[in-house]
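In case you want the letters, here they are:
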2 protein chains.
Amino acid sequence: MISKESIENYFQSLQDEICNGLEKADGKGNFQEDLWKREAGGGGRTRIISNGDVIEKGGVNFSSVFGPCPDFLRKEAGLAENEEAEFHATGVSLVIHPVNPMIPIIHMNVRYLKAGNLEWFGGGIDLTPHYIFEEDATFFHNHLKSVCDTHNPAYYTEFKKWADDYFFIKHRNETRGIGGIFFDRLAAKDSISIEDRFNFVQTIGNSFLGAYLPLIEKNRNKTYTEANRQWQLLRRGRYVEFNLVYDRGTKFGLLTNGRTESILMSLPPTACWEYMNIPGKDSLEEKTLSLLRKGIDWAK
Amino acid sequence: MISKESIENYFQSLQDEICNGLEKADGKGNFQEDLWKREAGGGGRTRIISNGDVIEKGGVNFSSVFGPCPDFLRKEAGLAENEEAEFHATGVSLVIHPVNPMIPIIHMNVRYLKAGNLEWFGGGIDLTPHYIFEEDATFFHNHLKSVCDTHNPAYYTEFKKWADDYFFIKHRNETRGIGGIFFDRLAAKDSISIEDRFNFVQTIGNSFLGAYLPLIEKNRNKTYTEANRQWQLLRRGRYVEFNLVYDRGTKFGLLTNGRTESILMSLPPTACWEYMNIPGKDSLEEKTLSLLRKGIDWAK
């Protein structure tokens, strides 16, 4: 049995730690904080950074909402017809859109839900490079694998596949990026307690800066052309397509009257669409497209 | 009984007429045509214009697809369990994103569907100004009203309300633009034959240039600032949100393996998202937002 407070405290301190780390790496931009309340119970702490040296736009959001269990959760929560029950959902969500096209977009989410008999953690970290550099992809996946391995040697493979399947833009037949790990509804099971799940999610959350800051440092001073920038804007267009057409968190938020400005912080500052853009033969862009598919074993 | 050919011929000639009219108005841009075939039957004629004097990006698409009736239509088409039946869907769809923020975005769709016992026409024209000028809005709605009135004095009111309800961005609590007319599943009914429906849809299609070209001419030479351009990009962001989250045609196309590049021609060349953009007091932007709501009687 974990207290609501201990989970919220962890998520809030994670948000602090990540914002501090990103501000330090950026060197110029600062997070602006908005506190908001939800009428039916709870609220959040939205933090947005824009026009930094490294980060063009990003958000690192904490929220904790509670109240009467919403209808769509009642069945899964095993509630009887007129049984009253509370739900509690809390977590941290972040998306970073960098200035330099050679730095990848990153997304992380860690979350907890309790409703009736239901109690689980979910989350993941995934990377969306505008240009895929194999050594960066390998570094990122190796990092996630070593983090997962401290808990269970089967986790990385399982959660990596889950990310491949989830972050897929069906109408483009491409993955959103090079994936990462994704896991959902991790409840207590067999010898794994809910405390173990919480520990795992903390390990993932705490690994974020170690996954991303090296990729910032390695790529922040790379020069780029107008054509590289234009390609970045097209890739951001695909990011918008994924988030608005497929992403469950976004859909769920918008359809349940969540705080729109906090949910849509994931959208890029600028994005482009061009009819039938086809990269030149043997270009870096063509290579990137060829690597946007499921099942690539990046970890070495 | 209308022949498949006569409907297709009309839609193709409408596409020709509109492309010619828009090219002439633009004076610089030309439509590029792609012919495509659908494996299961039919195909289309996608025409895209970009980097014109007036039009930054636009598409005017014709398609005609047919084959075995898809499952999701069988029940509505009144088919028995193993009854074989063909379907045929054809139409013209267009979206124009102008360069100058003072010229509105426009969208039109006219379509025909036949499957089993089902046979209907649908469509509509609606306007999305980045800046709402009341005289333009009134001109546009007066034009649509007079066009509708030639068929039935009740149509404009009914189809205008339908557009208000359809082109609504729920999570923003705003309409996409100032609406127009929208109608769906207009089948033969009482004294109205399917030929009458076809006549009505032709009247709407033929009214397009008369609705839009005057708005181009009136606004094309207006000067605008960088701030106006930025506002245009934010409004285009909302257009993307509507099309990817709510638009039935887009969703339907993407989820049924339509030709992605033709479907997503509706997306703007460039769009922006900014956290918590709130227009200044008494600004044109604030006035525009205040007019993005249902139930405004623009026609005089």
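The structure contained in this document is the topic of the report that follows. Throughout, a residue's number is its position along its own chain's written sequence, starting from 1. To label them, take the chains in the order written and letter them from A, then take the ligands in the order written and number them from 1. Totals for whole chains, interfaces and linings use every residue, but because this is a predicted model, local features are given only for residues with pLDDT of at least 70 and side-chain atom pairs only at 80 or more, for both listing and counting. Hydrogens are left out, water is left out, and the side-chain values use all remaining heavy atoms of the structure.

1. Some points on the overall build of chain A
At step 1: In terms of helices and strands, chain A carries 10 helices and 10 strands.
At step 2: Based on C-alpha atoms, the radius of gyration is set beside the globule rule, defined as 2.2 Å times the residue count to the power 0.38. Its C-alpha atoms give chain A a radius of gyration of 19 Å, near enough to 19 Å, the size a compact globule of 300 residues would have.
At step 3: Taking the principal axes of its C-alpha atoms as reference, chain A extends roughly 60 × 40 × 35 Å.
At step 4: Residue exposure (1.4 Å probe, protein chains only): buried if accessible area is under 20% of the type maximum, exposed if over 50%, otherwise partly exposed. Buried residues in chain A amount to 59% of all 300 residues.
At step 5: In this description, accessible areas are obtained by the Shrake-Rupley approach with a 1.4 Å probe, and a residue is regarded as covered only by the protein chains that are shown. Total accessible area on chain A stands at roughly 12900 Å², and carbon and sulfur atoms take up 51% of it.
At step 6: Only four residue types enter the tally: Lys and Arg on the positive side, Asp and Glu on the negative side, with His and both chain ends excluded. Think of each charge as sitting on NZ of Lys, CZ of Arg, CG of Asp or CD of Glu. Across chain A, the centroid of the 36 positively charged side chains sits 4 Å from that of the 41 negatively charged ones. Put simply, DSSP H or I for four residues or longer makes a helix, DSSP E for two residues or longer makes a strand, and each gets a number counted from the N terminus.

2. Description of the environment of B:Val245
At step 1: Looking at where B:Val245 falls in the secondary structure, it is placed in helix α7 (residues 226-245).
At step 2: Its relative accessible area of 12% is what places B:Val245 among the buried residues.
At step 3: When neighbours within four sequence positions are excluded, B:Val245 is seen to be in contact with A:Leu244, A:Leu254 and B:Lys251. What makes two residues a contact is simply this: any of their non-hydrogen atoms within 4.5 Å.

3. Focus: the interface of chain A and chain B
At step 1: Counting from both sides, the interface comprises 28 residues of chain A and, opposite them, 28 residues of chain B.
At step 2: Buried area is calculated as the accessible area (1.4 Å probe) missing from two parts once they are joined, with the contributions of both summed. Together, the buried faces of chain A and chain B total about 2700 Å²; carbon and sulfur atoms form 58% of this surface.
At step 3: We define a salt bridge as a contact between a side-chain nitrogen of Lys or Arg and a carboxyl oxygen of Asp or Glu at a distance within 4 Å. Linking chain A with chain B are two salt bridges, by the criterion used here.
At step 4: When the shortest N-O distance is used, the salt bridge between A:Glu261 and B:Arg172 registers 3.2 Å.
At step 5: By the criterion applied in these results, polar contacts are pairs of N or O atoms within 3.5 Å in which, for protein atoms, one can donate a hydrogen and the other can accept it, and in which residues neighboring in sequence qualify only through two side-chain atoms. Across the contact surface, chain A and chain B share 13 residue pairs in polar contact (both at pLDDT 80 or more).
At step 6: Of all the secondary-structure elements, those providing two or more residues to the side of chain A that touches chain B are β2 (42-50), α7 (226-245), α8 (248-255), α9 (260-263) and β10 (270-272) of chain A.
At step 7: Here the side of chain A that touches chain B gets four residues from one element, more than from any other, and that element is α7(A).

4. Observations concerning the pairing of strand β6 (residues 118-128) of chain B
Residue and element names in this part refer to chain B.
At step 1: Where burial is concerned, most of β6 is hidden: 11 out of the 11 residues are buried.
At step 2: Residue alternation in β6 divides its side chains into two sets, Leu-118, Trp-120, Gly-122, Gly-124, Asp-126 and Thr-128 and Glu-119, Phe-121, Gly-123, Ile-125 and Leu-127, and both sets are buried.
At step 3: Paired strands, in this sense, are two strands between which DSSP finds at least two bridges. Here strand β5 (residues 105-115) runs beside β6; their pairing, made up of 11 bridges, is antiparallel. Across the sheet, residue Asn-109 finds its bridge partner in β6, namely Gly-124.
At step 4: Linking β5 to β6, which pair antiparallel, is a turn of two residues; within it Gly-116 sits at a positive phi near 55°.
At step 5: In the sheet, β6 pairs with strand β9 (residues 179-186) via six bridges, with the strands oriented antiparallel. Looking at β9, one finds that Gly-123 is bridged to Phe-183.

5. Details of the packing of helix α3 (residues 134-149) of chain A against helix α6 (residues 208-219) of chain A
All names here are of chain A.
At step 1: To obtain each axis, a line is fitted to C-alpha atoms, and for helices this fit is confined to the stretch in contact; angles are then taken between N-to-C directions over 0 to 180 degrees. Two elements in contact, α3 and α6, have axes separated by 9 Å at closest approach and are oriented at 160°. As judged from the angle between their axes, α3 and α6 are roughly antiparallel. α3 and α6 meet at a crossing whose hand is right-handed. Where α3 abuts α6, its residues Glu-135, Asp-136, Phe-139, Phe-140 and His-143 lie against Gly-210, Ala-211, Pro-214, Leu-215, Lys-218 and Asn-219.
At step 2: In this classification, Asp, Glu, Lys and Arg are treated as charged, Ala, Val, Leu, Ile, Met, Phe, Trp, Tyr, Cys and Pro as nonpolar, and every other residue, Gly included, as polar. Classifying every residue of the contact of α3 with α6 gives five nonpolar, three polar and three charged. An angle below 35 degrees is read as roughly parallel, one above 145 as roughly antiparallel, one from 65 to 115 as roughly perpendicular, and any other as oblique. Helix crossings get a hand from a simple test, with the near helix turned counterclockwise from the far one by less than a right angle marking a left-handed crossing and a clockwise turn marking a right-handed one.

6. Let's talk about the side chain of B:His143
Residues and elements named next belong to chain B.
At step 1: Residue position: His-143 is located in helix α3 (residues 134-149).
At step 2: At 3.0 Å, the side chain of His-143 forms a polar contact with the backbone oxygen of Ser-207.
At step 3: Within the local environment of His-143, its side chain forms a polar contact with the backbone nitrogen of Ala-211, the two atoms lying 3.4 Å apart.
At step 4: Ignoring sequence-local partners within four residues, the contact set of His-143 consists of Ser-207, Gly-210 and Ala-211.

7. Describing the nonpolar core
At step 1: Counting residues in hydrophobic clusters, the biggest one holds 54 residues, and the most contacted among them are B:Phe11, B:Leu22, B:Ile106, B:Phe140, B:Ile204, B:Phe208 and B:Tyr212.
At step 2: Here the element with the most residues in this core is helix α1 (residues 4-26) of chain B; it accounts for eight residues.
At step 3: We call a set of buried residues a nonpolar core when its members are Ala, Val, Leu, Ile, Met, Phe, Trp, Tyr or Cys and they connect through side-chain atoms within 4.5 Å of each other. In terms of nonpolar packing, the next biggest core, distinct from the first, is built from 53 residues, A:Val60, A:Val147, A:Ile181 and A:Leu292 among them.

8. Observations concerning the relation of the copies chain A and chain B
At step 1: Mapping chain A onto chain B calls for a rotation angle of 180° and an axial translation of 0.0 Å; the resulting RMSD is 0.0 Å. Both copies of the chain, as the preceding transformation shows, are related through a two-fold rotation axis. A least-squares fit on C-alpha atoms brings the copies together, and the residues used are those whose pLDDT is at least 70 in both copies.

9. Let's talk about the packing of α1(B) against helix α5 (residues 194-206) of chain B
Packed helix pairs are characterised by how far apart their axes lie and by the angle those axes make with each other.
All names here are of chain B.
At step 1: Where α1 meets α5, the closest approach of the two axes is 10 Å, and the angle between their N-to-C directions is 10°. In terms of their interaxial angle, α1 and α5 are classed as roughly parallel. Along its contact with α1, which presents Ser-6, Ile-7, Tyr-10, Phe-11, Leu-14, Glu-17 and Ile-18, the element α5 presents Phe-198, Val-201, Gln-202, Gly-205 and Asn-206.
At step 2: Of the residues that constitute the contact of α1 with α5, the class distribution is seven nonpolar, four polar and one charged.

10. Brief notes about the sheet that holds β6(B)
Residue and element names in this part refer to chain B.
At step 1: Overall, antiparallel pairing links the seven strands, which are arranged β1-β2-β3-β4-β5-β6-β9 in an open sheet. The open sheet has two edge strands, β1 (32-37) and β9, and neither has a second partner. For this sheet, the mean inter-axis angle between neighbouring strands, taken without regard to orientation, is 5°.
At step 2: Two strands pair when backbone bridges link them, and β1 and strand β2 (residues 42-50) are joined in this way by six bridges, in the antiparallel orientation. Along β2, the bridge assignment pairs Trp-36 with Gly-44.

11. Observations concerning the packing of aromatic side chains
At step 1: Paired rings are identified among Phe, Tyr and Trp, the last through its six-membered ring, by centres lying within 6.5 Å, and are further divided according to the angle between planes into stacked (under 30 degrees), edge-to-face (over 60) and tilted (the rest). In the structure shown here, the tally under the stated rule is 36 aromatic pairs over all chains.
At step 2: When the ring of B:Tyr10 is compared with that of B:Phe198, the centres are 6.0 Å apart and the planes differ by 80°; the resulting orientation is edge-to-face. A residue pair is termed long-range when its members are at least 10 positions apart, and B:Tyr10 in helix α1 and B:Phe198 in helix α5 qualify at 188 residues. Across the pair, exposure class does not vary: B:Tyr10 and B:Phe198 are buried alike.
At step 3: With a centroid separation of 5.8 Å and an interplanar angle of 75°, the aromatic rings of B:Tyr166 and B:Phe242 are classed as edge-to-face. Highlighted residues: B:Tyr166 in helix α4 (residues 155-166) and B:Phe242 in helix α7, separated in sequence by 76 residues.
At step 4: Grouped by ring-pair contacts, the aromatic residues A:Tyr155, A:Phe159, A:Trp162, A:Tyr166, A:Phe167, A:Phe182, A:Phe183, A:Phe200, A:Phe242 and A:Tyr246 constitute a single cluster.
At step 5: Placement of a charge over a ring requires the Lys NZ or Arg CZ to be within 6 Å of the ring centre, with the centre-to-atom vector within 35 degrees of the ring normal. Positioned above the aromatic ring of A:Phe168, the side-chain terminus of A:Lys294 is 4.3 Å from the ring centre.
At step 6: For the cation-ring pair, B:Lys222 lies above B:Phe133, with the distance from its terminal atom to the ring centre recorded as 3.9 Å.

These values are about where atoms sit, not about what they do.
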